[in-house]
Amino acid sequence: MNELAMELNKALTGTNVYEMLSDYGKRMYVPNGIVLQSAEAKQKAKRYNATIGTALEGGVSMYMPSVKSLFSEELSPAEIFAYSPMGGNARLRELWAEEMREKNPTLRGKKTTLPIVCGGLTSALSLAFSLFADKGDSVVLPDLYWENYNLIIDEQREAKKVLFDMFTPGGNFNVEGLKNAVLSVKKDKVLVILNFPNNPTGYTPTQTEAKAICAALTDIAESGKKLVVFSDDAYFGLFFEDDVNRESLFATLCDASPNLLAIKCDGATKEEMAWGFRIAFLTYGFKDATEEALNALTKKTLGSVRGSFSNCSTPAQSILLRAMQGPTYVEEKKAGVKKIGERYKILKDTLSRYKDNANLTPYPFNSGYFMSFHTACPAETLRQHLLNVYETGSICVGEHVLRLAFSSVDADKIESLVSTVYQAAEDVCKG
Ligand SMILES: Cc1ncc(COP(=O)(O)O)c(C=O)c1O
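Keep in mind it's a predicted model, so treat the numbers as computed, not measured.

## Comments concerning the domain arrangement of the chain
When the parts of a complex come together, some accessible area is lost, and that lost area is often taken as the interface size.
Point 1. What the domain assignment lists for the chain is domain 1 (3–30 + 86–325) and domain 2 (330–430).
Point 2. The centre of domain 1, based on its C-alpha atoms, is set 29 Å off from the matching centre of domain 2.
Point 3. Partitioning the side of domain 1 that touches domain 2 into residue classes produces 11 nonpolar, seven polar and three charged.

Right, dumping it as structure tokens:
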């Protein structure tokens, strides 16, 4: 094993997090080569700096004027063309951390790593999984989950999903089911992934449910299991009901137990309506974490960043940072959430008119971009019928689960969308 990896492992020895690392995670380190030597030269090489593999002219990035002209004059060439540091733009990372604490008051005063910039939440999730999941490890998650987890968990890591029914028959989040699923894993280490607001259901636990989830996971960790708990907060902030838990579970879990490593994946993708920017963040926390241990975790992650996507788009980070510092950012963001909330409200009202319809039963939803139906007839048949006969797109996410993205349909079309889906279900179920 590389000596630098061994040093990082030493910094983590004695913490339970060391034992949670995958073999790959144990081998990870930040190389002492090009990146660090270039950083050193940036400080000291006052005469000539012949280190970094970019083209400079007078110390400034060379660029094509036709490309530069497509950006605002406000952005300097460095903000557009230069490589971004491995963990991302330092000021953006700090600002994201500050905002995270504002959005999650429970986090205030708690120690976490500084968010590391990744290429979208997918890359943050995939990277963190590679650091903590080995072949054959178990990953607990609700039975209604984002399809892409299959690629990350099953195919990339060859880990095993352990599913539990997301809802109780009464329509609450199934905390007992989560608990039993975690306890059913024989191995000491269990990974858990919780995504709220959820894709595909659009459900976020109530405050009472969120407390119960955190308490259950903390109890299990305190009784000896090593838990790696991912909060996939892709749709954070899109909360449309008063009793919904408006903080990330990470805020509570990041100092719940030395046996519980909390991992937060969040980002600009949906929160800042910047889907194509590919900017997300990865943050860690665990109880009694020392600076040294958090630093080692960060470095292992940076090593993995370096060995995969290396660094993220500079213009996307610069634009996001400038926007976040701008005077209208908060208001504009609120306006976006309000618009989706209006669609949510119309959808809820419209669905209430169909509540006795046995063909389609909406799963509970209160947030996010989506809602899903349990379908009496096969969901794929219904999807195809909707598409071929009614020119209406939806997603089949399970044998009997059909997902609608109300986020992508204008408010004045929601009622008609719902009546079309019910009409199609009537055709298919009767036929
Ligand atoms: C639950 C969930 N997590 C993560 C992502 C991925 O986000 P990104 O586009 O930033 O990779 C999505 C996107 O659809 C999602 O639904």
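Structure's up, so let's keep going.
## Description of the packing of helix 17 (residues 379–390) against helix 18 (residues 411–430)
Point 1. For the pair helix 17 and helix 18, interaxial distance at closest approach is 9 Å and the crossing angle is 115°. It follows from the interaxial angle that helix 17 and helix 18 lie roughly perpendicular. Seen from above, helix 17 lies across helix 18 with right-handed handedness. The residues of helix 18 that touch helix 17, namely those facing Thr381, Leu382, His385, Leu386, Val389 and Tyr390, are Thr420, Val421, Ala424, Ala425, Asp427 and Val428.

## Some details on the environment of Ala376
Point 1. Relative to the elements of secondary structure, Ala376 occurs in the loop between strand 11 (370–375) and helix 17.
Point 2. Those residues in contact with Ala376 that sit more than four places away from it in its chain are Ala358, Asn359 and Cys429.

## Here we look at the sheet that holds strand 9 (residues 280–285)
Point 1. Pairing is mixed in the open sheet, where seven strands are placed in the order 3-9-8-7-6-4-5. A strand with exactly one partner marks an edge of an open sheet, and here the two such strands are strand 3 (116–118) and strand 5 (160–164). Across this sheet, the average inter-strand angle for adjacent strands is 25°, counted without regard to direction.
Point 2. Pairing geometry for strand 4 (residues 138–142) and strand 5, over five bridges, is parallel.

## Some points on the environment of Met100
Point 1. When you line up the elements, Met100 lands in helix 7 (residues 90–103).
Point 2. Its 21 C-beta neighbours within 10 Å are what place Met100 among the buried residues.
Point 3. Along the primary structure Met100 and Ile152 are separated by 52 residues, whereas in three dimensions their C-alpha atoms are 26 Å apart.

## Brief notes about the site of the ligand
Point 1. Around the ligand, the structure places Gly120, Leu121, Thr122, Trp146, Asn195, Asn199, Asp232, Ala234, Gly267, Thr269 and Ala280.
Point 2. Take the shell around the ligand: its biggest share by element is three residues, from helix 8 (residues 120–132).
Point 3. A breakdown of the residues in the shell around the ligand according to their chemical character gives four nonpolar, six polar and one charged.

## Comments concerning unusual backbone geometry
Point 1. Each neighbour pair has its own omega, and for Phe196 with Pro197 the value is -15°, a cis peptide bond.
Point 2. Here Pro197 is to be found in the loop between strand 6 (189–195) and helix 11 (207–222).
Point 3. A cis amide bond links Asn199 to the next residue, Pro200, at an omega of 25°.
Point 4. Mapped onto the secondary structure, Pro200 falls in the loop between strand 6 and helix 11.

## Observations concerning the sheet that holds strand 10 (residues 360–362)
Point 1. Read from one edge of the open sheet, four strands run 10-11-13-12, paired in antiparallel fashion. Edge strands, defined here as strands with exactly one partner in the open sheet, are strand 10 and strand 12 (395–398). Put simply, the sheet's adjacent strands are angled 35° from each other on average, direction ignored.
Point 2. Relative to strand 13 (residues 401–405), strand 12 runs antiparallel, the two sharing three bridges. Across the sheet, residue Ile395 finds its bridge partner in strand 13, namely Arg403.

## With respect to the packing of helix 8 against helix 9 (residues 149–156)
Point 1. At a closest axis distance of 10 Å, the pairing of helix 8 and helix 9 adopts a crossing angle of 25°. Overall, the two elements helix 8 and helix 9 adopt an arrangement that is roughly parallel. Relative to helix 9, helix 8 is oriented so that their crossing is right-handed. Packed against helix 8, whose contacting residues are Leu125, Ser126 and Phe129, the element helix 9 presents Ile152, Ile153 and Gln156 at the interface.
Point 2. For the contact of helix 8 with helix 9, a count of residues per class yields four nonpolar, two polar and no charged.

Thresholds, definitions, all that
- Residues numbered from 1 in each chain as written.
- Predicted model: local features only at pLDDT ≥ 70, side-chain atom pairs only at ≥ 80, totals over all residues.
- Domains from an automatic or database assignment.
- Nonpolar A, V, L, I, M, F, W, Y, C, P; charged D, E, K, R; others polar.
- Axes fitted to C-alpha atoms, helices over the stretch in contact; angles between N-to-C directions.
- Helix = DSSP H or I, 4+ residues; strand = E, 2+ residues; numbered from the N terminus.
- Parallel < 35°, antiparallel > 145°, perpendicular 65-115°, else oblique.
- Left-handed = near helix turned anticlockwise from the far one by under 90°.
- Contact = placed C-beta atoms within 7 Å.
- Pairing = 2+ DSSP bridges.
- Buried ≥ 20, exposed ≤ 12 C-beta atoms within 10 Å, placed from the backbone.
- Near = placed C-beta within 6 Å.

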